[in-house]
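# Overview (structure and organization)
These are the residues of each chain, in order.
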Amino acid sequence: MILAEKTLLLKEMGANIKKLRRERQIEVKAFAGKLKISPQAISKIEKGMVDLNVSRIMEIAALLKVNPEEILHAELK
């Protein structure tokens, strides 16, 4: 995967997480607390600035009550 594709994928994953979190009306601070990370870290994740590992994706999916595929779903151009 080239850098541009990876960057796009991370941004789309972050956008998916943000959308799902907002749909469930979970505030950033509460979400961060459940993940035991800072609200600033959530912001970076949602902006696609963090390369998430599989464990973290699974943890986020569980909190959002979705399949991990919903977070990972991104279309590379």
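Higher on the page you've got the structure.
Quick caveat, the model's predicted, so the values are computed rather than measured.

### Overview of the packing of helix α1 (residues 3-23) against helix α4 (residues 54-64)
Where α1 meets α4, the axes come as close as 10 Å, and the angle between the chain directions of the two elements is 25°. Between α1 and α4, the interaxial angle falls into the category roughly parallel. Considering how the two elements wind past one another, α1 and α4 form a crossing that is left-handed. Mapping the contact onto sequence places Met-13, Ile-17, Leu-20 and Arg-21 in α1 and Ile-57, Ile-60 and Leu-64 in α4. When its residues are assigned to classes, the contact of α1 with α4 shows six nonpolar, no polar and one charged.

### Focus on helix α2 (residues 28-35)
Buried within α2 we find Phe-31, Ala-32 and Leu-35. All buried residues of α2 project into a common sector of 100° when viewed along the axis, lining one side. Exposed and facing more than 90 degrees away from the buried side of α2 are Lys-29 and Lys-34. Structurally, α2 contributes buried residues whose contacts are with α1, α3 (39-46) and α4. Backbone geometry just after α2 places Lys-36 at a positive phi near 60°.

### As for the nonpolar core
Core analysis: the largest hydrophobic core is formed by 17 residues, its most contacted members being Ile-17, Phe-31, Leu-52, Ile-60, Leu-64, Val-66 and Ile-71. Listing elements by their share of this core, those giving two or more residues are α1, α2, α3 and α4.

### Focus on the pattern of salt bridges
Tallied over the full model, the rule gives five salt bridges. Between Lys-6 and Asp-51 there is a salt bridge, with the nearest N and O atoms lying 2.9 Å from each other. One end of the pair, Lys-6, is in helix α1; the other, Asp-51, is in the loop between α3 and α4, and 45 residues separate them in sequence. When its relative accessible area of 33% is taken as the criterion, Lys-6 is described as partly exposed. Between Arg-21 and Glu-46 there is a salt bridge, with its nearest N and O atoms 2.6 Å apart. Separated by 25 residues along the polypeptide, Arg-21 in helix α1 and Glu-46 in helix α3 bring together distant segments of the chain. Given the relative accessible area of 6%, Arg-21 is considered buried. Note on Glu-46: relative accessible area 10%, which makes it buried. Where salt bridges share partners, they join Lys-19, Glu-23 and Arg-24 into one cluster.

Reading the values: rules and limits
- Residues numbered from 1 in each chain as written.
- Predicted model: local features only at pLDDT ≥ 70, side-chain atom pairs only at ≥ 80, totals over all residues.
- Heavy atoms only, no water.
- Axes fitted to C-alpha atoms, helices over the stretch in contact; angles between N-to-C directions.
- Helix = DSSP H or I, 4+ residues; strand = E, 2+ residues; numbered from the N terminus.
- Parallel < 35°, antiparallel > 145°, perpendicular 65-115°, else oblique.
- Left-handed = near helix turned anticlockwise from the far one by under 90°.
- Contact = heavy atoms within 4.5 Å.
- Nonpolar A, V, L, I, M, F, W, Y, C, P; charged D, E, K, R; others polar.
- Buried < 20%, exposed > 50% of the residue type's maximum accessible area, 1.4 Å probe, protein only.
- Arc of directions from axis to C-beta.
- Core = buried A, V, L, I, M, F, W, Y, C linked by side-chain atoms within 4.5 Å.
- Salt bridge = Lys/Arg side-chain N within 4 Å of Asp/Glu carboxyl O.

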